[in-house]
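Overview (structure and organization)
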Amino acid sequence: MSAVAATLEARFGPRLLDKTEYRGELTFTVASEDWVEVLDFCRSDPSLAFDRLDCLLGDHLPERASAPLAVVVHLVSHAHGHRLRVKTALAEGQVLRTITGLWPSAGFDERETWEMFGIVFEGHPDLRRLLTTDDFEGHPLRKDFPLEGTIGGRIRTDLRGKI
């Protein structure tokens, strides 16, 4: 993993806001405006070759007042056997560019992250509700979402026509 870290640090330098290594796992934090560029480099650079997006997920950290939302991706390089985590923090209402052009499988994860956390992915080809009904109000995975839900809308159990 030190080669991965060295390659990313040589390319992006101070644009990498934070680096964490824990139990053999490497995590970088990047600014939202560098999000797509860093991920594109991770995918296209032959020495990295992160060819698989394992998952993309959101997080809500209300104690972080200036940037309470986060998006995290987990990448895998089959060629080199490496794993990498890349994070970015977002302010309330801030949009993040989609990465469906890099990994088409991100489409489903971005839809779920938008629906559950309210994080908008600019340029997403089909950003619409997946698990809740169209009249659902709120974002159920945010920590400030009421435990008893909201009035109107329900969680979908029948996904026909939504995928």
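Our subject is the structure listed above.
The following refers to the structure shown. (Residues numbered from 1 in each chain as written. Predicted model: local features only at pLDDT ≥ 70, side-chain atom pairs only at ≥ 80, totals over all residues. Heavy atoms only, no water.)

**With respect to the sheet that holds strand β2 (residues 25-30)**
Applied cut-off: Pairing between strands requires that DSSP locate at least two bridges from one strand to the other. The secondary structure listing takes helices from DSSP runs of H or I that are at least 4 residues long and strands from runs of E that are at least 2 residues long, numbered from the N terminus. Axis angles are defined between N-to-C directions and span 0 to 180 degrees, where every axis is a line fitted to C-alpha atoms and, for a helix, only to the segment in contact. By definition, residues are in contact when any of their heavy atoms lie within 4.5 Å.
Ordered by their spatial adjacency, five strands build an open sheet running β1-β2-β5-β4-β3, and the pairing between neighbours is mixed. The open sheet has two edge strands with one neighbour each: β1 (16-22) and β3 (52-60). Between one strand and the next, the sheet's axes are offset by a mean angle of 20 degrees, whatever the strand orientation. Across the face of the sheet, helix α3 (residues 106-117) comes into contact with β3 and β4 (69-77) while running at roughly 5 degrees to β3.

**Things to note about the packing of helix α1 (residues 2-12) against helix α2 (residues 35-44)**
Counted only if it meets this: Here the word oblique covers every angle except those under 35 degrees (roughly parallel), over 145 (roughly antiparallel) and from 65 to 115 (roughly perpendicular). The crossing is said to be left-handed when, going from far helix to near helix, the turn is anticlockwise and less than a right angle, and right-handed when the turn is clockwise. Under the convention adopted here, Pro, Cys and the residues Ala, Val, Leu, Ile, Met, Phe, Trp and Tyr are nonpolar, Asp, Glu, Lys and Arg are charged, and Gly plus all remaining residues are polar.
Across the interface, α1 lies against α2 with an axial gap of 11 Å and an inter-helix angle of 135 degrees. It follows that α1 is oblique to α2 by the angle criterion. Once α1 is placed against α2, the crossing between them reads as right-handed. Residues Thr7, Leu8, Arg11 and Phe12 of α1 touch α2, and the partners they reach there are Glu37, Val38, Phe41 and Cys42. When the residues that make up the contact of α1 with α2 are grouped by side-chain class, the tally is five nonpolar, one polar and two charged.

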